[in-house]
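# Fold and contact review
For reference, the chains in residue letters:
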Amino acid sequence: MARTLPKQNAVVETSAAQIAVHWREEEYYYPSAKFVGQSNLSDPDINERFSEKNFPECFREYADLLSWDKYWDTTLDTSDPPFWKWFVGGKINASYNCVDRHLDKYKNKAAIIFVPEPESEAPVSLTYRELYVRVNEFAALLRDFCGLKSGDRVTIHMPMIPELPVTMLACARLGVIHSVVFGGFSGEACGLRAADSGSKVLITMDGYYRNGKLLDHKAAADIAIETAKQAGTVVEKALFWRRHADQNASTSPFVEGRDFWVDEILPRYSGEIVPPVPMDAEAPLFLMYTSGSTGKPKGCQHRTGGYLAYVTGCSKYIQDIHPEDVYWCMADIGWITGHSFIVYGPLALAATSVIYEGVPTYPDAGRVWRIAERLDVNIFHTSPTAIRMLRKSGHDEPTKYNYHFKHMTTVGEPIEPEVWRWYYETVGKGEAVIVDTWWQTENGGFLCTTKPALDPMKPGSAGPGMPGIYPTILDEMGEEVHAGSGKAGNICIRNPWPGIMQTIWGDRDRFVTQYYAKYCKDTNSKNWQDWPYFAADGAVQAVDGYFRILGRVDDVINVAGHRLGTKEIESACLTVPEVAEAAVVPVVDEIKGRVPEVYIVLQPDILPPQHQEILAKVNHVIETMIGKIARPRRILIVPDMPKTRSGKLMRRILAALSNNMNTGDITTLANPDVVESVRVMVQGKEVVALTDGPEDLKAFGSVD
Ligand code: PRX
């Protein structure tokens, strides 16, 4: 029977595809002969091997980097689009691939080097052997003390310490699905995710260092468990790792029978070996919650075999990781970058992966470069926000330290060409290649990137599709926007790939609606060609085929490379009883790229003397329901919101006001007068010089 799919955006206010983009074409930069000579990928045949005529079998090449318990029968099963199945019939264990299989050759090599934030605490190395022992012991605890088995879900709310990958790998060893929630998210945000995934066990920590302070993290666990309970899920056990032996960083009391110190239970499992469970290639490995265009974060469900194969391929060929390398990704493991490119990809390749606990500029702007020098890091991976921050706080700092990167990655946001050049010349000392990798939580690994020894770099451009990824830009009608046309559109991926998520946890329909409904013309089709993946990013393709990513075309704000849904923040605001309406828009920020700005309309009976208190309340709910990361630049109380005649709230117009951009035609609004009164509130009485603004803000909110 034909499946009918709701179209996502029947009415489009501003089409991203209509934006003409006038980029200056940047010059190419080329990798050094030294880099090319040692690269994992210097054979240009890769383009042919991964061309469409070899799809999907080309992906065997990534899967063959792994050790399989049972080789698969079918590389790609397309019988139930768009729920693609990869390496069907194969059996594999991710923990075995990241730990056990390296023991013969690398047992004494550092798998993880942990750098605590306080410089008085020396870095700690964990060899592959030590990692093996710790993963096994913790897996025994999860199995025997918590009663966990394959298919169960566990929520992990931990900071950047080595016990986090130990916990993830122990789960993977048993086939337990881990759901790591970013440590900086509030207890409430953690609790809602725990409830959605049905986690009966929460694994967390007493405290951690951030900006010189030892934070109490246990308090968040208490809130998380209470929130999960209210949402219908009882967390039966909470396990607490301890930041300092024999100390308690938290003042929150332990709940008898529910809360347990890991270091008090773990000795029972000393020396235990837990056989890795051979998992179906299609068994879920983890959930990673991310923001979308509705208020509820969605649990991206990633499969074991395809995901691990894909990230291992990305780490080997694009990040150029060799076992001899010391690799440092500064992301947080609580985001997809950390899962794929601190834990699974590098460890599958027997690399040494550095984990830094704290703030990059703590205690000063030289900290990152001191760590790089001390550990002799040669591959460095970070985001444009961190690069902008390091550039601003210590422009010449990198030149004072004796480290040498061969390779650097930027990810998470568009990078301005001048920031790229600083990264290249000052951080990379003109020696390191840069890959600008464009991808998303949903994708597992890179979608667009240059191949570092084969493709020249171009500042601000992500590059062509990753080997095996066929991107295209479509306009609102589904027509292709051609390379070199100077027009932007919606970047889509024409084909399935092994790293794509399986589904949204517990919500198959939303998976289809969110990513495929927009461009699938025939929902009965079994041909993958009929199911382009809609990424919700605007992009433009230059004549050389390189893609430049402009940013989100839906109601997602990318704050410092982290995704926040405007609807999530708006829902939080609406929990304050005095708030009648809320709208959240992105504002350009010199360091973080974008930050949220909040507009609220109050209930009619509220008087001005109450305003201050309400503003404080709104700020507070945003921090407690989501986290400090969502803290708005300003909260503005306005008399009314600009709306279309059909009642649609025009966030795009508010975004234009917040960013001193032209609002475009407002005469068709139901209440055009309100725009001028809001403008005066936002910009003051003086008329400010208006600009066209960044491309993503022109398209902001165009897809609901
Ligand atoms: O808008 C794109 C932006 O980050 C979004 C995905 O965010 P998230 O799922 O949190 O994953 C971030 C890390 C993979 C995308 O929709 N984005 C990601 N990488 C880039 C980027 N924008 C421009 N250039 C990039 N390299």
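What comes next is a walk through the structure. (Residues numbered from 1 in each chain as written. Predicted model: local features only at pLDDT ≥ 70, side-chain atom pairs only at ≥ 80, totals over all residues. Heavy atoms only, no water.)

### Digging into the environment of Glu-52
Going by this rule: Numbering of helices and strands runs from the N terminus, with a helix taken as a DSSP run of H or I at least four residues long and a strand as a DSSP run of E at least two residues long. Exposure classes here rest on a 1.4 Å probe applied to the protein chains alone. A residue is buried below 20% of its type maximum, exposed above 50%, and partly exposed in between. Should any heavy atoms of two residues lie within 4.5 Å, those residues are considered in contact.
Within the secondary structure, Glu-52 is located in the loop between α2 (46-49) and α3 (60-63). What makes Glu-52 partly exposed here is its relative accessible area of 34%. Distance in space between the C-alpha atoms of Glu-52 and Asp-696 is 31 Å, their sequence separation being 644 residues. Aside from chain neighbours lying at most four places away, what touches Glu-52 is Tyr-470, Arg-494 and Trp-528.

### Concerning the environment of Ile-321
With respect to the helices, strands and loops of the structure, Ile-321 is situated in the loop between α11 (305-318) and β16 (326-329). Exposure remark for Ile-321: the relative accessible area of 2% places this residue in the buried category. Separated by 192 residues in sequence, Ile-321 and Thr-513 place their C-alpha atoms 37 Å apart.

### Some details on the pairing of strand β14 (residues 284-290)
Our working rule: Paired strands, in this sense, are two strands between which DSSP finds at least two bridges.
Most of β14 sits inside the fold, with 6 of its 7 residues counted as buried. Pairing analysis gives 2 bridges linking strand β7 (residues 177-180) to β14, with the strands arranged parallel. By the bridge assignment for β14, Ser-179 is matched with Leu-287. Where β14 and strand β15 (residues 298-303) come together, 6 bridges link them in antiparallel fashion.

### Here's the deal with the pairing of strand β24 (residues 533-541)
Most of β24 is tucked away: 9 of the 9 residues are buried. Bridging between strand β22 (residues 489-493) and β24 involves 4 bridges; their strand directions are antiparallel. Opposite Asn-490, over in β24, you have Gly-538 as the bridge partner. The pairing of β24 with strand β25 (residues 547-552) spans 5 bridges and is antiparallel.

### Description of the site of the ligand
The test is simple: Nearness here has a simple test: a residue counts as near a molecule or strand if at least one of its heavy atoms is within 4 Å of that partner. N or O atoms within 3.5 Å of each other form a polar contact, as long as, within protein, one can give a hydrogen and the other can take it, and as long as residues adjacent in sequence are counted only when both atoms are side-chain atoms. The method behind every accessible area is Shrake-Rupley, applied with a 1.4 Å probe, and residues are considered shielded solely by the protein chains displayed. For this classification, the nonpolar set comprises Ala, Val, Leu, Ile, Met, Phe, Trp, Tyr, Cys and Pro, the charged set comprises Asp, Glu, Lys and Arg, and every other residue, Gly included, is treated as polar.
If you check the shell around the ligand, you find 16 residues, and the closest are Asp-436, Thr-437, Thr-441, Asp-537 and Arg-563. Measuring from an oxygen atom of the ligand, one finds a side-chain N or O atom of Thr-441 at 2.5 Å. A total of 540 Å² of accessible area belongs to the ligand in isolation, and the protein chains cover 97% of it. Elements with a contribution of two residues or more to the shell around the ligand: β20 (433-437) and β25. Its residues placed into classes, the shell around the ligand shows 5 nonpolar, 6 polar and 5 charged.

### So, the sheet that holds β22
Short version of the rule: Each axis is a line fitted through C-alpha atoms, taken for helices only over the stretch in contact, and angles between the N-to-C directions span 0 to 180 degrees.
Ordered by their spatial adjacency, 4 strands build an open sheet running β21-β22-β24-β25, and the pairing between neighbours is antiparallel. The open sheet has two edge strands, β21 (471-474) and β25, and neither has a second partner. In this sheet, neighbouring strand axes are inclined to one another by 45 degrees on average, regardless of whether the strands run parallel or antiparallel.

### Remarks on the environment of Asn-402
Take Asn-402: it is sitting in the loop between α14 (384-393) and β19 (407-411). The class of Asn-402 is exposed, set by a relative accessible area of 54%. C-alpha of Asn-402 to C-alpha of Tyr-269: the two residues are 133 residues apart in sequence and 43 Å apart in space. What Asn-402 contacts, discounting residues up to four positions off in sequence, is Glu-373 and Lys-429. Of the polar contacts made by the side chain of Asn-402, one reaches the side chain of His-404; its length is 3.3 Å.

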